[in-house]
Amino acid sequence: MSAPEITPVILCGGSGTRLWPVSRKSFPKQFIPLIGDGSLFQQSSGRLWGSGFTRPLIVTNSDFRFIVTQQLADMGLDPGAVLIEPSARNTAPALLAAALHQAQSDPHGLMLAAPSDQYITQVDTFRASLQRGVAAAQSGQIVTFGIRPDRPETGYGYLELDHDDIAGAVPLKRFVEKPVLAEAERMLAAGGYLWNAGIFMYTAQTLIEAFKTHAPEMLSDVEAAVAGAQSDLGFLRLEPEAWARCADISIDFAIMEKISNIAVVQHDGDWSDLGGWMAVHQHADVDADGVALQGAAHALDCQNTLLRSESDALQLVGLGLRNIVAVAMPDAVLVADRSRVAELGDVVKEMRKANVPQADTFPKDHRPWGFFETLILGGRFQVKRIVVNPGAALSLQSHVHRAEHWIVVAGTAKVTIGDTEKLVWENESVYVPLGAVHRMENPGKLPMELIEVQTGSYLGEDDIIRYDDVYARGQGAKG
């Protein structure tokens with residue numbers, strides 16, 4: 001008898017700050033190629049695809065929906081349903097929505113809740129660990145997966161086992177919150193504790209029953225959000241009013257710490273949540289002095305140091321550094337003692353209070369049709385580089401406060417201005433007057449690139465009136 005297929009639920013709506021400046025709210029770490037091939041989201045999707053799995057359910061937010069589908073398309077993968085959260089409500093409502101969606105077709109099918117930002121290279125070992133939890137999950141248990149600790153880590157939660165026999169799924173005695181160092185050292189010495197990987201296996205019906213018992217109000221609200229969901233360009237957008245009533249709470253606090261039908265499987269392979277620069281350094285290729293270089297970076301007489309440059313045009317040089325993390329972006333640079341990088345979340349909060357845009361946004365802004373990046377920003381002018389994917393089109397739009405001049409530098413643009421439509425070839429330009437209704441498209445099979453010069457009294461991204469948009473974004477900067 002063949003093993004049952006598992007439906008992965010990949011959560012990718014988070015916006016971590018512990019890997020600032022590379023990870024920011026507008027484009028967080030799960031979509032970034034931090035280490036290994038592809039982004040963490042692509043790596044997570046790849047190891048949960050193929051034999052033994054159905055097409056995954058993706059849960060994300062509106063801003064990331066086209067990034068998700070584009071990154072999967074780049075791998076040649078087509079997901080199952082992509083559920084759009086109208087607002088951030090943490091993992092409990094997200095996983096319940098996925099379970100309710102799954103229960104419509106297969107309430108007893110196995111599901112696997114998996115974060116999209118974990119780093120696992122031993123895929124066969126990981127899949128074998130999953131199989132060790134199948135029987136328990138089919139019997140009505142919720143199975144969580146733990147990692148045997150190799151150090152007294154204070155950045156992870158722990159799982160205390162009923163006994164230390166980890167041949168298969170064993171009962172969980174209790175969850176342990178992130179400990180202080182002395183407690184982490186005690187648990188490491190005692191044995192019988194695993195790091196909490198935040199990965200869960202269950203049937204849809206089992207999870208729904210747990211919410212019915214321990215969080216009935218949330219069950220009612222998420223049921224309404226799923227029942228009222230609207231199809232939107234292949235996505236399933238959950239009903240916003242019911243969703244807004246849901247508590248902002250993790251699955252651990254809402255359900256897992258309250259139930260008795262929970263078991264643990266130890267995963268014996270490699271694992272990291274890449275929760276900060278220390279973890280990236282730990283998994284990077286290092287030389288004999290513990291120095292890791294990523295991108296256009298060079299080191300002389302350095303030790304235990306990570307140097308990373310995100311731009312080929314920006315050379316990062318370290319001289320005589322000890323225990324330093326230095327990360328250079330075109331618009332921001334981090335230089336920190338390795339022992340202090342866990343405090344980056346507090347740094348980002350301070351930047352937000354000071355209205356520093358680099359706290360959350362990049363000069364490069366990803367859109368469903370491609371991306372743009374700001375090259376120069378003045379008082380009444382802005383210069384952008386715009387890249388439009390093959391076959392993609394910007395919305396039909398106008399601006400109240402600015403005019404635009406487009407110079408095509410690669411490919412061919414199909415341009416609409418008012419009632420006129422024309423092709424603009426490489427090295428040609430076109431002027432879009434203030435207030436003119438216009439659209440730009442890429443009719444070719446290769447990315448089209450242009451330089452846009454904006455002039456006017458206000459240059460914000462929200463100065464857009466949309467008349468038609470193939471991505472159904474509505475009004476506003478992103479819609």
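Residues numbered from 1 in each chain as written. Predicted model: local features only at pLDDT ≥ 70, side-chain atom pairs only at ≥ 80, totals over all residues. Heavy atoms only, no water.

Q: Help me understand the overall build of the chain, please; the structure alone is not making it clear to me.
A: Looking only at helices and strands, the chain features twelve helices and 28 strands. Taking 2.2 N^0.38 as the reference for a compact globule, 479 residues should give roughly 23 Å; the C-alpha atoms of the chain span a radius of gyration of 24 Å, in line with that estimate. With the principal axes as the frame, the chain shows a C-alpha extent of 75 × 60 × 45 Å. Counting every position in the chain, which comprises 479 residues, the buried fraction comes to 52%. Considering only contacts within the chain whose residues lie at least 6 apart along the sequence, 68% involve residues at least 24 apart. Surface summary for the chain: the accessible area is close to 20900 Å², and the carbon and sulfur share equals 52%. Here the chain contributes 40 positive and 58 negative side-chain charges, whose respective centroids are spaced 2 Å apart. (Helix = DSSP H or I, 4+ residues; strand = E, 2+ residues; numbered from the N terminus. Rg over C-alpha atoms; globule rule 2.2 N^0.38 Å. Buried < 20%, exposed > 50% of the residue type's maximum accessible area, 1.4 Å probe, protein only. Contact = heavy atoms within 4.5 Å. Areas by Shrake-Rupley, 256 points an atom, 1.4 Å probe, with all protein chains shown as cover. Lys, Arg positive; Asp, Glu negative; His and termini not counted. Charge placed at Lys NZ, Arg CZ, Asp CG, Glu CD.)

Q: Can you help me understand the sheet that holds strand β16 (residues 324–328) in this one?
A: Remark on secondary structure: sheet strands pair via backbone hydrogen bonds, oriented parallel or antiparallel. Spatially, the four strands line up as an open sheet ordered β12-β14-β16-β17, and their pairing is mixed. Here the strands that pair on one side only, and so sit at the sheet edges, are β12 (292–294) and β17 (333–337). Put simply, the sheet's adjacent strands are angled 5° from each other on average, direction ignored. (Pairing = 2+ DSSP bridges. Axes fitted to C-alpha atoms, helices over the stretch in contact; angles between N-to-C directions.)

Q: Help me understand the packing of helix α7 (residues 204–214) against helix α8 (residues 216–227), please; the structure alone is not making it clear to me.
A: The relative placement of two packed helices is expressed as an angle between their axes plus a distance between the axes. Remark: α7 packs on α8, axes separated minimally by 5 Å, with the N-to-C direction vectors making an angle of 125°. By the angle between their directions, the pair α7 and α8 is classed as oblique. Facing I208, F211, K212, T213 and H214 of α7, the residues of α8 in contact are P216, M218 and L219. For the contact of α7 with α8, the class distribution of residues is five nonpolar, two polar and one charged. (Parallel < 35°, antiparallel > 145°, perpendicular 65-115°, else oblique. Nonpolar A, V, L, I, M, F, W, Y, C, P; charged D, E, K, R; others polar.)

Q: Just to check I follow, could you spell out the layout of surface pockets for this structure?
A: The probe, sized like a water molecule, is rolled over the atoms to show the empty space still left. Counted as a void, the second largest pocket has a volume near 1000 Å³. The wall of the second largest pocket is formed by 35 residues, among which F27, F31, K364, H366 and F371 lie closest to the centre. If you list the elements that add at least two residues to the lining of the second largest pocket, you get α2 (65–74), β18 (364–367) and β19 (370–377). With six residues, α2 is the largest single contributor of residues to the lining of the second largest pocket. Per-class residue counts for the lining of the second largest pocket are 18 nonpolar, nine polar and eight charged. (1 Å grid on protein atoms, 1.4 Å probe; cavity = no way out; pocket = protein on both sides within 12 Å on 5 of 7 lines; lining within 4 Å. Points joined across faces, edges and corners; volume = space filled by probe spheres on them.)

Q: What exactly am I supposed to notice about unusual backbone geometry here?
A: Among all residues except glycine, the phi angle is most often negative; among peptide bonds, the trans geometry is most common. Of the consecutive residues W20 and P21, the connecting peptide bond is found in the cis state with omega at 10°. Residue position: P21 is located in the loop between β1 (6–11) and α1 (40–47). Even without being a glycine, N355 presents a positive backbone phi close to 60°. Following the sequence through the fold, N355 ends up in the loop between α12 (344–353) and β18. Among the residues examined, N355 registers a relative accessible area of 66% and is labelled exposed.

Q: Can you walk me through the nonpolar core in this structure?
A: Grouped together as the largest cluster of nonpolar side chains are 89 residues, with contacts concentrated most on M201 and W277. Not counting residues within four places of it along the chain, the set of residues in contact with W277 comprises R18, L19, W20, V22, L34, L306, R308, V325, V327, L334, V341 and L344. Within the second largest apolar cluster, 49 residues are counted, among which are L11, A92, L194 and I262. (Core = buried A, V, L, I, M, F, W, Y, C linked by side-chain atoms within 4.5 Å.)

Q: I keep staring at the pattern of salt bridges and nothing clicks. Help me out?
A: Note that side chains of opposite charge can pair when their charged atoms are close. Applying the stated criterion across every chain, the model contains 25 salt bridges. Put simply, E350 and K353 hold a salt bridge, and the shortest N to O gap is 3.4 Å. Taken together, the residues span about one helical turn, with E350 and K353 both in helix α12 at a distance of three residues. A salt bridge links D365 to R367; the nearest nitrogen and oxygen atoms lie 3.3 Å apart. Residues D365 and R367 agree in their burial class; the two are buried. Connected via shared salt-bridge partners are D365, R367, K384 and E461. (Salt bridge = Lys/Arg side-chain N within 4 Å of Asp/Glu carboxyl O.)

Q: What is the right way to read the packing of aromatic side chains from this model?
A: Between two aromatic rings, the relevant description is the distance of the centres plus the angle of the planes. Applying the stated criterion to the full structure yields eight aromatic pairs. Relative to F64, the ring of F31 has its centre 5.3 Å away and its plane inclined at 65°; by these criteria the two rings are edge-to-face. Residue F31 is found in the loop between β1 and α1, and its partner F64 is found in the loop between β2 (57–61) and α2; the two are separated by 33 residues along the sequence. Residue F31 shares its accessibility class with F64, and that shared class is buried. Ring centres of F66 and F235 lie 5.4 Å apart, and the angle between their planes is 90°; on these two criteria the pair is classed as edge-to-face. (Phe/Tyr/Trp six-rings, centres within 6.5 Å; stacked < 30°, edge-to-face > 60°.)

Q: For this particular structure, what's the right way to read empty space enclosed by the protein?
A: Overall, the coordinates contain four cavities of 30 Å³ or more when judged by the stated rule. In this model, the largest cavity occupies a volume close to 200 Å³. Taken together, 21 residues make up the lining of the largest cavity; nearest its centre are W369, L394, Q397, R402 and E461. Counting residues per element, the ones that place at least two in the lining of the largest cavity are β20 (381–388), β22 (402–410), β26 (438–441) and β27 (448–456). Of the residues contributing to the lining of the largest cavity, the split by class is seven nonpolar, five polar and nine charged.

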